[in-house]
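Residues per chain, in single letters:
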Amino acid sequence: MTIGVFDSGAGGLSVVAAIRASLPGQEIVYFADTAFVPYGSRSDGEILDRTRLCCARLLEHDVRALVIACNTATANAIDAVRAWAPVPVVGVEPGLRPGAAATRSGVVGVLATAATLASRRYAELLRRTRAEAPGVRFIEHAAQGWVELVESGQTDTPDARETIRASVAPLLREGADTLVLGCTHYPFLRSAIEAAAPGVAIVETGPAIARELARRLRIATSNPRDSAASPAARLRLESSGDVDRLAALAARLLPEAG
Ligand code: DGL
């Protein structure tokens, strides 16, 4: 059976890559809300409505689990989707705890959308992590334009490098030695981020989501053959916008996905 993966755009493909690495035989149907991307500057109500609608589209495929591969949608809508979806729902949130574990300077930069950083869910995550790691300072930054860079396929152009350098520089000046990528689009900018912040630890959450999904699937299924790897698993792409454009972008961002 298929897993449904959702994001506002192409960013969730970074989570798809992680899922395929740990569950290579798993069929995936991916829904990108490309007609409404970016979510980061939208209202809570809009993000909630769009996420519910897109998850409903994925449920039409009779998926065995839903992955909300979007920090912004998770922050605003995962409780509502969980209350209604008949399958396990896995979300994604900024990796503050791994960030706290990685830092040596005690300063962690958190890059995410404005909507994620303004959410109650993020405030609660921050409160919990601070209680566990009181010596660590988290500095948040809403990374303007990063999602658009990925959506336009400009992941490592001179303009992308300049945009990323401008966002990251103030965090480095504050002493950050660790950057948490709190948006699923940002792993596709990794080489430009590394160029702007050499030697800094970068925290991505895709692999943790894949592990959580595997854990939930074992709980959700009584038939171990369902989760057995088969090498020919396919990725089906759907979108609320131009699906050919999404396919071209996916081929570029995820050349191995086929
Ligand atoms: N990929 C998204 C996230 O993880 C959302 C980006 C956006 O649409 O603004 O937050």
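Residues numbered from 1 in each chain as written. Predicted model: local features only at pLDDT ≥ 70, side-chain atom pairs only at ≥ 80, totals over all residues. Heavy atoms only, no water.

Some words on the sheet that holds strand β2 (residues 28-32)
Thought 1: The strand order across the open sheet formed by five strands is β4-β3-β1-β2-β9, and the pairing between neighbours is parallel. Looking at which strands have only one partner, the edges of the open sheet turn out to be β4 (89-90) and β9 (235-239).
Thought 2: With four bridges connecting them, strand β1 (residues 3-7) and strand β3 (residues 65-68) associate as parallel partners. Across the sheet, I3 pairs through a bridge with A65, a residue of β3. (Pairing = 2+ DSSP bridges. Helix = DSSP H or I, 4+ residues; strand = E, 2+ residues; numbered from the N terminus.)

Points about the environment of P38
Thought 1: Its location among the elements puts P38 in the loop between β2 and α2 (44-59).
Thought 2: For the pair P38 and L13, spaced 25 residues apart in the sequence, the C-alpha separation amounts to 15 Å.

Focus on the packing of aromatic side chains
Thought 1: Scanning all chains against the criterion turns up two aromatic pairs.
Thought 2: Here F6 and Y39 contribute two aromatic rings whose centre-to-centre distance is 6.2 Å and whose plane-to-plane angle is 50°, an arrangement assigned as tilted. Of the two residues, F6 sits in strand β1 while Y39 sits in the loop between β2 and α2, which places them 33 residues apart along the sequence. Across the pair, Y39 and F6 agree in class, each one buried.
Thought 3: With centroids separated by 4.9 Å and ring planes inclined at 65°, the aromatic side chains of W146 and Y186 adopt a geometry described as edge-to-face. Of this pair, W146 sits in helix α7 (residues 146-151) while Y186 sits in the loop between β7 (178-181) and α9 (190-196); the two residues are 40 residues apart in sequence, bridging distant segments of the chain.
Thought 4: Here the basic side chain of R50 rests over the ring of F36, its NZ or CZ set 3.7 Å away from the ring centre. (Phe/Tyr/Trp six-rings, centres within 6.5 Å; stacked < 30°, edge-to-face > 60°. Buried < 20%, exposed > 50% of the residue type's maximum accessible area, 1.4 Å probe, protein only. Lys NZ or Arg CZ within 6 Å of the ring centre and 35° of its normal.)

Examining the sheet that holds strand β8 (residues 201-203)
The strands making up a sheet associate through hydrogen bonds between their backbones, and the pairing can be parallel or antiparallel.
Thought 1: As summarised here, the arrangement of the four strands in space is β6-β5-β7-β8, forming an open sheet in which the pairing is parallel. The outermost strands of the open sheet, each flanked by one partner alone, are β6 (137-142) and β8. Taken over all neighbouring pairs, the strand axes of this sheet differ in orientation by 25° on average, direction set aside.
Thought 2: Sheet topology note: the strand β5 (residues 107-112)/β6 ladder contains six bridges and is parallel. Within β6, the position partnered with L111 by the bridge is H141.
Thought 3: Where helix α6 (residues 120-132) meets the sheet, it contacts β5 and β6, and its direction lies at approximately 160° from that of β6.
Thought 4: Sheet contacts for helix α8 (residues 158-173): β5, β6 and β7; angle to β6, the most-contacted strand, approximately 160°. (Axes fitted to C-alpha atoms, helices over the stretch in contact; angles between N-to-C directions. Contact = heavy atoms within 4.5 Å.)

A short note on the site of the ligand
Thought 1: Neighbouring the ligand are 14 residues; S8, Y39, N71, T72 and H185 lie closest to it.
Thought 2: In the model, an oxygen atom of the ligand is placed 2.6 Å from a nitrogen or oxygen of the S8 side chain.
Thought 3: G40 places a polar main-chain atom, nitrogen or oxygen, 2.8 Å from an oxygen atom of the ligand.
Thought 4: In isolation the ligand has 300 Å² of accessible area, and contact with the protein removes 99% of it.
Thought 5: Residue composition of the shell around the ligand, grouped by class: six nonpolar, seven polar and one charged. (Near = heavy atom within 4 Å. Polar contact = N/O pair within 3.5 Å; in protein donor to acceptor, adjacent residues only side chain to side chain. Areas by Shrake-Rupley, 256 points an atom, 1.4 Å probe, with all protein chains shown as cover. Nonpolar A, V, L, I, M, F, W, Y, C, P; charged D, E, K, R; others polar.)

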